[in-house]
Amino acid sequence: MFLTGGLKSLLPHVLRRIIRCNKLSISNTSGMAEGYKQANIVILHKSLADDFEKFCHANDGPLPLLYRSKPGDWKCPSLSSDSDIRTDCLQYRIYEHGACTGSLKSLKEYSQQLKDMVTFYLGCSFSFEKAVQNSGIPIRNVEQKCNVSMYKTAVPCYSISTFRCNLVVTMRPIPESKLESAVLATSELKEAHGAPIHIGDPGLLGIQDLSKPDYGDSVHLHPGDIPMFWACGVTGIEAIINCRAPLAFTHSPGCMFITDLKNDNVTVRSSREVPQVHCISQDPLHYSIVSAEAARKIKTLETLIGIDPGDRGIIHLCRQNELLKACLSISHARSVLITTGFPTHFSYEPPEENDGPPGALAIAAILQALEKEVAIVTDQRAMNLNKKIIEEAVQLGILKRPVPLLSYQRESADSALMFLCEDGNPGRPKFDHLVAIERAGMAADGNYYNARKVNIKHLVDPIDELFLAAQTIPGVTTTGVGDGGNELGMGKVKDAVKKHIKNGDVIACDVEADFTIVAGVSNWGGYAIACALYILNTCETHDRYLRKAVGFPRLSKKMVWLSALPSVTKEEKLLKTLVQLGVRSGKTASLEMEVDGLPFYNTHSLMIEKLL
């Protein structure tokens with residue numbers, strides 16, 4: 001019998017010959033024939049072959065198709081010179097009507113049935129292990145001399161005819177400092193599943209216990225390791241099980257077919273396409289991926305909106321990459337709650353200013369276009385006003401449909417939890433992300449102040465409590481957008497507000513958001529969020545990560561998303577509507593400034609459109 005030592009350096013045709021002779025004392029092919037492509041195997045009746053090929057193309061992350069044989073053809077000349085699929089995998093599984101009825105070392109006894117069957121060779125993540133190691137990243141399952149861990153997820157694949165199943169993934173523990181290197185090493189290896197589809201908490205994929213894989217072995221994480229998940233070809237086995245074919249064969253998970261093809265056909269990418277990794281949540285731990293080009297555009301947006309027309313010192317409040325991380329988090333959200341409303345004109349009716357609602361509606365519009373759930377929560381006394389604003393926004397074509405309008409009052413100690421979660425259960429949040437834009441924020445003394453230190457608490461409902469409660473709910477993140485430091489969410493930069501903003505020692509908001517977006521005018525922050533979400537969702541790297549590499553790219557919806565973005569025309573019409581409703585400007589000087597003959601307010605919309 002051959003032992004495992006030296007197998008990694010043997011050529012594929014030698015390994016296949018050894019496997020064919022049943023002379024290996026190993027249980028999987030991870031680490032073998034380093035640098036060569038390995039393949040998952042699915043063998044099914046020719047009547048199912050066309051639909052299965054369509055299923056592969058519809059889910060090319062887990063099922064990158066390397067080769068499809070003709071019925072009864074046991075060879076794959078484009079992958080290997082002398083192979084026989086009946087004998088060249090370490091172990092096979094037989095499935096009858098969806099049930100695994102056994103494992104076997106050879107399929108030769110089924111040669112007659114195989115004459116009417118088609119073999120699919122599908123890419124495997126074992127193929128990228130050498131590239132990962134060459135980047136200085138350990139492969140823990142190879143170190144621990146065991147198979148990789150494979151898990152069923154709650155992520156549905158795109159169904160074709162009778163082929164329907166959830167995605168299966170492999171997990172590799174990656175040191176936190178090496179996350180981006182691992183993404184870089186694998187992202188261009190499309191035939192080996194490409195970039196990971198999830199980084200962080202396994203629960204976000206529906207995986208309950210990493211120590212109990214559905215296939216393969218449990219792989220132990222070292223201190224500082226982060227779970228990184230790739231789409232897996234064992235998804236094909238799940239598809240075979242669910243289609244309940246009378247007879248089908250697959251490789252046994254981890255026992256791959258080794259090809260003669262080297263992993264050296266990597267497409268040379270430009271620096272614009274290089275993926276970046278960003279942490280967007282600590283509880284649960286969650287990282288996202290975006291291209292360098294998309295990140296650069298969003299950073300440019302962040303710079304644009306950071307201009308300080310009132311020279312109030314907001315430059316000292318700005319934090320780099322907050323717009324990018326906030327929008328990555330919102331991009332992953334299913335349901336978003338927005339709040340706005342700053343009653344700075346306390347002696348007028350209505351007391352609201354016109355900074356806030358336009359930005360909130362711009363965010364709501366793009367979220368609707370992205371098919372996310374969105375609602376707005378505001379003060380009870382301002383419900384009728386906001387209802388009219390929303391109705392006008394629909395009439396003006398800013399919103400596709402009315403946004404649900406909510407109010408919040410504290411009635412008991414758990415009112416905020418009851419509002420945010422089903423039956424007050426933190427494990428069942430109604431919203432994934434909360435956004436406050438130009439919303440009066442509670443100061444350290446429990447009061448609410450406008451920029452002139454006037455206490456307006458009597459006009460403000462305690463919506464801050466929702467942001468405080470969100471800090472205790474796993475999976476709910478928050479963003480605050482402001483331009484003076486007294487807005488909800490600005491607690492993250494309160495020390496800078498107290499030091500650099502006039503009256504900051506009194507007016508500074510004490511309530512933090514996870515992400516703080518500082519703008520010269522808060523509406524600009526709302527416009528930037530809308531545009532950044534468009535940039536992210538038209539980024540192929542981020543789109544693939546969002547959809548977990550199953551289904552098709554969503555770029556066909558690009559024009560729908562583009563039409564939802566703010567524009568000079570839309571915002572001019574909305575501002576006129578706000579004037580007609582009695583809403584006054586809170587930042588007259590900044591809104592009346594002109595650049596190239598246009599109000600500075602609208603010039604920024606124009607600049608953002610030009611960027612896109």
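Residues numbered from 1 in each chain as written. Predicted model: local features only at pLDDT ≥ 70, side-chain atom pairs only at ≥ 80, totals over all residues. Heavy atoms only, no water.

Draft legend 1. Layout of the overall build of the protein. From N to C terminus, the protein includes 21 helices and 22 strands. Taken over the C-alpha atoms alone, the protein extends approximately 90 × 55 × 45 Å along its principal axes. For the protein, the proportion of its 612 residues judged to be buried stands at 58%. If you take every contact in the protein between residues at least 6 apart in sequence, the share linking residues at least 24 apart comes to 76%. For the protein, the computed accessible surface area is about 24200 Å², with 50% contributed by carbon and sulfur atoms. Charge centroids of the protein, computed over 66 positive and 67 negative side chains, lie 6 Å from each other. (Helix = DSSP H or I, 4+ residues; strand = E, 2+ residues; numbered from the N terminus. Buried < 20%, exposed > 50% of the residue type's maximum accessible area, 1.4 Å probe, protein only. Contact = heavy atoms within 4.5 Å. Areas by Shrake-Rupley, 256 points an atom, 1.4 Å probe, with all protein chains shown as cover. Lys, Arg positive; Asp, Glu negative; His and termini not counted. Charge placed at Lys NZ, Arg CZ, Asp CG, Glu CD.)

Draft legend 2. Spotlight on the sheet that holds strand β20 (residues 515–518). Across the sheet, which stays open at both edges, the six strands sit in the order β17-β16-β15-β18-β19-β20 with parallel pairing between neighbours. The sheet is open, and its two edges are formed by β17 (405–407) and β20, each paired on a single side. Along the sheet, successive strands turn relative to each other by an average axial angle of 25 degrees, direction set aside. Along the sheet, helix α9 (residues 322–332) contacts β15 (335–341), β18 (433–439), β19 (477–482) and β20; its crossing angle with β20, the most-contacted strand, is approximately 125 degrees. Packing of helix α10 (residues 357–369) onto the sheet brings it into contact with β15, β16 (373–378) and β18, and relative to β15 it is tilted by some 165 degrees. (Pairing = 2+ DSSP bridges. Axes fitted to C-alpha atoms, helices over the stretch in contact; angles between N-to-C directions.)

Draft legend 3. Broad picture of the domain arrangement of the protein. Examined at the domain level, the protein breaks down into domain 1 (7–125 + 237–262), domain 2 (128–228) and domain 3 (275–611). Contact with domain 2, which involves 23 residues of that partner, is made by 15 residues of domain 3. With both sides pooled, the region where domain 2 packs onto domain 3 buries about 1600 Å², and carbon together with sulfur makes up 69% of that total. Looking at the side of domain 2 facing domain 3, the largest losses of area belong to Glu180, Ile197 and Ile199, adding up to 30% of the total buried there. Inspection of the domain 2/domain 3 interface yields zero salt bridges. Between the two partners, domain 2 and domain 3, sit seven residue pairs in polar contact (both at pLDDT 80 or more). Put simply, the parts of the chain that give the side of domain 2 that touches domain 3 at least two residues each are β6 (149–156), α6 (179–186) and β8 (198–200). Here the side of domain 2 that touches domain 3 takes four residues from α6, the largest share from any one element. A class-by-class count of the residues in the side of domain 2 that touches domain 3 yields 15 nonpolar, five polar and three charged. (Domains from an automatic or database assignment. Buried area = accessible area lost by both parts, 1.4 Å probe. Salt bridge = Lys/Arg side-chain N within 4 Å of Asp/Glu carboxyl O. Polar contact = N/O pair within 3.5 Å; in protein donor to acceptor, adjacent residues only side chain to side chain. Nonpolar A, V, L, I, M, F, W, Y, C, P; charged D, E, K, R; others polar.)

Draft legend 4. Summary view of the sheet that holds strand β13 (residues 275–282). The antiparallel open sheet is built from seven strands, whose spatial order is β9-β6-β7-β10-β8-β14-β13. Each having just a single partner strand, β9 (215–216) and β13 make up the two edges of the open sheet. Where β13 lies against strand β14 (residues 285–291), seven bridges are found, and the strand directions are antiparallel. When the sheet's bridge partners are listed, Gln276 is paired in β14 with Val290. Along the sheet, α6 makes contact with β7 (166–175), β8, β10 (225–231), β13 and β14, crossing β13 at roughly 135 degrees.

Draft legend 5. Summary view of the pattern of salt bridges. This structure, assessed with the given rule, holds 27 salt bridges. Between Asp432 and Arg334 there is a salt bridge, and its shortest N-O distance comes to 3.9 Å. With a gap of 98 residues between them, Asp432 in the loop between α12 (415–420) and β18 and Arg334 in the loop between α9 and β15 connect regions that are remote in the sequence. We note a salt bridge from Lys494 to Asp510, for which the minimum N-O separation is 2.9 Å. With a gap of 16 residues between them, Lys494 in helix α14 (residues 494–500) and Asp510 in the loop between α15 (504–507) and β20 connect regions that are remote in the sequence. A relative accessible area of 30% means that Asp510 is categorised as partly exposed. Connected via shared salt-bridge partners are Glu352, Asp379, Arg381 and Arg439.

Draft legend 6. Inspection of the nonpolar core at higher detail. Membership of the largest hydrophobic core comes to 61 residues, with the highest contact counts inside it found for Ile338, Leu361 and Ile529. If one sorts the elements of this core by residue count, helix α16 (residues 522–537) sits on top with eleven residues. Not counting chain neighbours up to four residues away, the residues in contact with Ile529 comprise Leu323, Cys327, Ile330, Ile363, Val481 and Ile517. Ranked by size, the runner-up nonpolar core spans 45 residues in total, among them Ala49, Cys124, Cys157 and Val234. (Core = buried A, V, L, I, M, F, W, Y, C linked by side-chain atoms within 4.5 Å.)

Draft legend 7. Looking closely at the pairing of β13. Counting buried positions along β13 yields six of eight residues, so the element is predominantly enclosed. In sequence, β13 turns back onto β14 through a hairpin of two residues.

Draft legend 8. Highlighting helix α11 (residues 383–395). Compared with an ideal rise of 1.5 Å per residue, which puts 13 residues at 18 Å, α11 spans 18 Å between its outermost C-alpha atoms and is within 8% of the ideal. Taken residue by residue, α11 has Met383, Leu385, Asn386, Ile389, Ile390 and Ala393 as its buried positions. Across the axial projection of α11, the buried residues extend over an arc of 160 degrees, all falling on one side. Residues of α11 that are exposed and point more than 90 degrees away from the buried face comprise Asn384 and Gln395. Where the residues of α11 are buried, they touch α10, β16, β17 and α19 (568–580). (Expected span 1.5 Å × (residues − 1). Arc of directions from axis to C-beta.)

Draft legend 9. Looking closely at the packing of α10 against α16. Where α10 meets α16, the axes come as close as 7 Å, and the angle between the chain directions of the two elements is 10 degrees. On the basis of their axis angle, the class for α10 and α16 is roughly parallel. In this structure, α10 contributes Pro357, Pro358, Gly359, Ala362, Ile363, Ile366 and Leu367 to the contact, and α16 contributes Asn523, Gly526, Tyr527, Ile529, Ala530 and Leu533. Its residues placed into classes, the contact of α10 with α16 shows ten nonpolar, three polar and no charged. (Parallel < 35°, antiparallel > 145°, perpendicular 65-115°, else oblique.)

Draft legend 10. Region of the structure containing the side chain of Ser83. Residue position: Ser83 is located in the loop between β2 (65–68) and β3 (92–96). Within the structure, the side chain of Ser83 is placed 2.6 Å from the side chain of Ser80, a separation counted as a polar contact.

Draft legend 11. Spotlight on helix α2 (residues 46–58). With 13 residues, α2 extends 19 Å from end C-alpha to end C-alpha; this agrees with the ideal 18 Å at 1.5 Å per step. If you check which residues of α2 are buried, you get Leu48, Ala49, Phe52, Phe55, Cys56 and Ala58. Where α2 is buried, its residues meet β1 (36–45), β2, β5 (117–123) and α7 (235–243).

Draft legend 12. Up close: the packing of aromatic side chains. This model, assessed by the stated rule, comprises ten aromatic pairs. Relative to Phe552, the ring of Tyr158 lies with its centre 5.1 Å away and its plane at 75 degrees, an arrangement referred to as edge-to-face. On the criterion of sequence distance, the pair formed by Tyr158 in the loop between β6 and β7 and Phe552 in the loop between α17 (540–546) and α18 (558–563) is long-range, its members being 394 residues apart. For Tyr158, a relative accessible area of 40% corresponds to the partly exposed category. It is Arg86 that lies over the ring of Trp74; its NZ or CZ is 3.5 Å from the centre. (Phe/Tyr/Trp six-rings, centres within 6.5 Å; stacked < 30°, edge-to-face > 60°. Lys NZ or Arg CZ within 6 Å of the ring centre and 35° of its normal.)

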